[in-house]
Amino acid sequence: MSEGRVGGGVVLVTGAARQLGGRFVRRIQRDPAVSRVVAVDAVPPEHDLGDAEFVRADIRQPVIAKVLAQHGVDTVVHLDLTGTPLGAGGRTQVKETNVIGTMQLLGACQKAPTVRRLVVKSTTSVYGSAPRDPAVFRETTPVKSLPSGGFAKDAVEAEGYVRGFARRRPDVAVAVLRFANILGPTADTPLAEFFRLPVLPTVLGYDPRLQFVHEDDVVDVLVLASREARRGTLNSGTFNIAGDGVLLLSQTARRLGKPTVPVLLPAVRWVGQLLRTAAITDFSPEQIRLLTHGRVVDTREMRETLGFTPAYTTAGAFHDFARAHGPGLLPPRMLAAGVDRLAAAVRGAAGGAR
């Protein structure tokens, strides 16, 4: 097998109905060493999948083992590990897909003798966000405060199952990619939804450091991890994936041209509930912790071991997101009215909490 090629001819991709999954499916088909791509999801995708064969299957169910066997899959790219529901699905369904679905998929991979490579999309959220965190997380940094809920906790559990699989199938090359917050013109992450708000609620007295990775770089590194390692690199292991540099939350607001509403920390959860109730954005507790304490990861292993250099810096990824979504400032009267309504809601919620 020549260097830089996928470790076989049949690639199975989970989470194909999501934008990121669809982009990766279309992209990996162009690799000359890939003879077939099997795109899997529980719901039909609304986007084009090119020449890929779509299989409607729920990875939480044992049927995924039949799909692997039927198609002789040798490379599995697991992208159905996410923090946002698809369609009408809620948090319960997301958690089941993240945890039970990953467990079921790995069980199927363990029994499939044709599988030779596994790539798992994870998140830097597994490090949590706490006041006493180190300035920079490396892949081997002990976590002082494990995530207690939400997508971050799902990812911690899923990574535990992946490590168990790697021990049971040492013949399979396993790559876990921990992505920083994904941004770009079509990003559908919770943080992207937050930045689309006309007014950004922030935690009074905190200005966290944030890192981003561009959605184009996400697709590029997934393709790299799906291939045989190039000379001098190793794409089996756990890797932090992020653009160079950091941005403060205050800098992101200025670059978006959007006002902020500082909120006392005890009242922030009420703001989150208001936003979730209004179906505006999923302002989850883990996102509140991120927007309070921030998180920065070291990407040395990404560059030196995996051999990947992102095309976008953190600032570049954010700039492309901001450019795609236009200027942030609303007409003055609308902006003032929006700020007044949000401030009044916050005061009322905080008063009711006393």
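As the structure is a prediction and not an experimental result, all values here were calculated from the model.

Caption draft 1: Seen up close, the packing of helix α2 (residues 63-71) against helix α3 (residues 91-111). It is at 9 Å that the axes of α2 and α3 come closest, and there the two elements cross at 40°. For the crossing formed where α2 meets α3, the hand is right-handed. Note on element contacts: α3 touches α2 through Gln104, Leu105, Ala108 and Cys109, opposite Ile64, Ala65 and Leu68. Here the contact of α2 with α3 is built from residues that sort into six nonpolar, one polar and no charged.

Caption draft 2: Structural detail: the nonpolar core. Membership of the largest hydrophobic core comes to 32 residues, with the highest contact counts inside it found for Leu177, Phe179, Leu222 and Ile241. Mapped onto this core, the elements with two or more residues apiece are β1 (10-14), α1 (19-28), β2 (36-41), β6 (173-179), α6 (215-226) and β11 (237-241). A per-element tally of this core places α6 first, with seven residues. Excluding residues that lie within four positions of it along the chain, Ile241 makes contacts with Leu177, Arg178, Phe179, Ala180, Val213, Val221, Met302 and Leu306. Grouped together as the second largest cluster of nonpolar side chains are 28 residues, Leu81, Leu106, Leu118 and Ala158 included.

Caption draft 3: Fine view of the layout of surface pockets. Considering only enclosed or pocket space, the largest pocket measures out at about 810 Å³ in volume. Gly83, Thr84, Phe151, Thr189 and Pro190 are, among the 43 residues lining the largest pocket, the residues nearest its centre. For the lining of the largest pocket, the secondary structure elements donating two or more residues are α1, α3, β5 (117-123), α4 (150-168), β7 (181-183), α5 (190-195) and α9 (285-293). Tallying contributions element by element places α9 first for the lining of the largest pocket, with five residues. Partitioned by chemical class, the residues of the lining of the largest pocket number 13 nonpolar, 19 polar and 11 charged. Its boundaries defined by the atoms lining it, the second largest pocket holds a volume of some 370 Å³.

Caption draft 4: Highlighting the packing of aromatic side chains. One pass over the full model with this rule turns up seven aromatic pairs. Relative to Phe321, the ring of Phe318 lies with its centre 6.1 Å away and its plane at 45°, an arrangement referred to as tilted. You can see Phe318 and its partner Phe321 sitting in helix α11 (residues 314-324), three residues apart, about one turn around the helix. Among the residues examined, Phe318 registers a relative accessible area of 1% and is labelled buried. Since its relative accessible area comes to 0%, Phe321 is described here as buried. Put simply, the rings of Phe194, Phe195, Phe212, Phe318 and Phe321 touch in pairs and so form one group of aromatic residues.

Caption draft 5: A look at the pairing of strand β4 (residues 75-78). Neither face of β4 is open: one carries Thr75 and Val77, the other Val76 and His78, and all of them are buried. The sheet contact formed by β1 and β4 spans four bridges and is parallel. Note on β4: the bridge partner recorded for Leu12 is Val76. Both β4 and β5 contribute to a ladder of four bridges, which runs parallel. Within the sheet, the bridge partner assigned to Val77 lies in β5 and is Val119.

Caption draft 6: Region of interest: the sheet that holds strand β3 (residues 53-56). An order of β3-β2-β1-β4-β5-β6-β11 is seen for the seven strands of this open sheet, with the pairing classed as parallel. Every interior strand has two partners, whereas the edge strands, β3 and β11, have only one. Geometrically, the sheet is characterised by an average inter-axis angle of 20° between neighbouring strands, direction not taken into account. Sheet analysis places β5 next to β6, joined by seven bridges and oriented parallel. When the sheet's bridge partners are listed, Val119 is paired in β6 with Ala175. In the packing of α1 onto the sheet, contacts are made with β1, β2, β4 and β5, and the angle to β2 comes to roughly 170°. Each of β1, β2, β3 and β4 touches α2; the most contacted strand, β2, lies at about 170° to it.

Caption draft 7: Spatial organisation of the environment of Phe212. By the secondary structure assignment, Phe212 is in strand β10 (residues 212-214). Filtering out sequence-adjacent residues up to four positions away, Phe212 remains in contact with Ala180, Asn181, Leu183, Leu191, Phe195, Ala242, Gly243, Leu247, Thr252, Thr314, Ala317 and Phe318.

Caption draft 8: Spotlight on α3. The end-to-end C-alpha distance of α3, which contains 21 residues, comes to 30 Å, matching closely the 30 Å that a straight helix rising 1.5 Å per residue would cover. At Gly101, α3 shows its maximal bend, which comes to roughly 30°. On its buried face, α3 is in contact with β1, α2, β4, β5 and α4.

Caption draft 9: The environment of Leu191, seen in detail. Structurally, Leu191 is set in helix α5. For Leu191, a relative accessible area of 3% puts it in the buried group. Residues Leu191 and Leu291, spaced 100 residues apart in sequence, show a C-alpha to C-alpha distance of 9.6 Å. The contacts of Leu191, once residues within four sequence positions are left out, are Asn181, Phe212, Gln287, Leu290 and Leu291.

Analysis parameters
Residues numbered from 1 in each chain as written. Predicted model: local features only at pLDDT ≥ 70, side-chain atom pairs only at ≥ 80, totals over all residues. Heavy atoms only, no water. Axes fitted to C-alpha atoms, helices over the stretch in contact; angles between N-to-C directions. Helix = DSSP H or I, 4+ residues; strand = E, 2+ residues; numbered from the N terminus. Left-handed = near helix turned anticlockwise from the far one by under 90°. Contact = heavy atoms within 4.5 Å. Nonpolar A, V, L, I, M, F, W, Y, C, P; charged D, E, K, R; others polar. Core = buried A, V, L, I, M, F, W, Y, C linked by side-chain atoms within 4.5 Å. Buried < 20%, exposed > 50% of the residue type's maximum accessible area, 1.4 Å probe, protein only. 1 Å grid on protein atoms, 1.4 Å probe; cavity = no way out; pocket = protein on both sides within 12 Å on 5 of 7 lines; lining within 4 Å. Points joined across faces, edges and corners; volume = space filled by probe spheres on them. Phe/Tyr/Trp six-rings, centres within 6.5 Å; stacked < 30°, edge-to-face > 60°. Pairing = 2+ DSSP bridges. Expected span 1.5 Å × (residues − 1). Bend = angle between axes of the 7 residues up to and from the residue.

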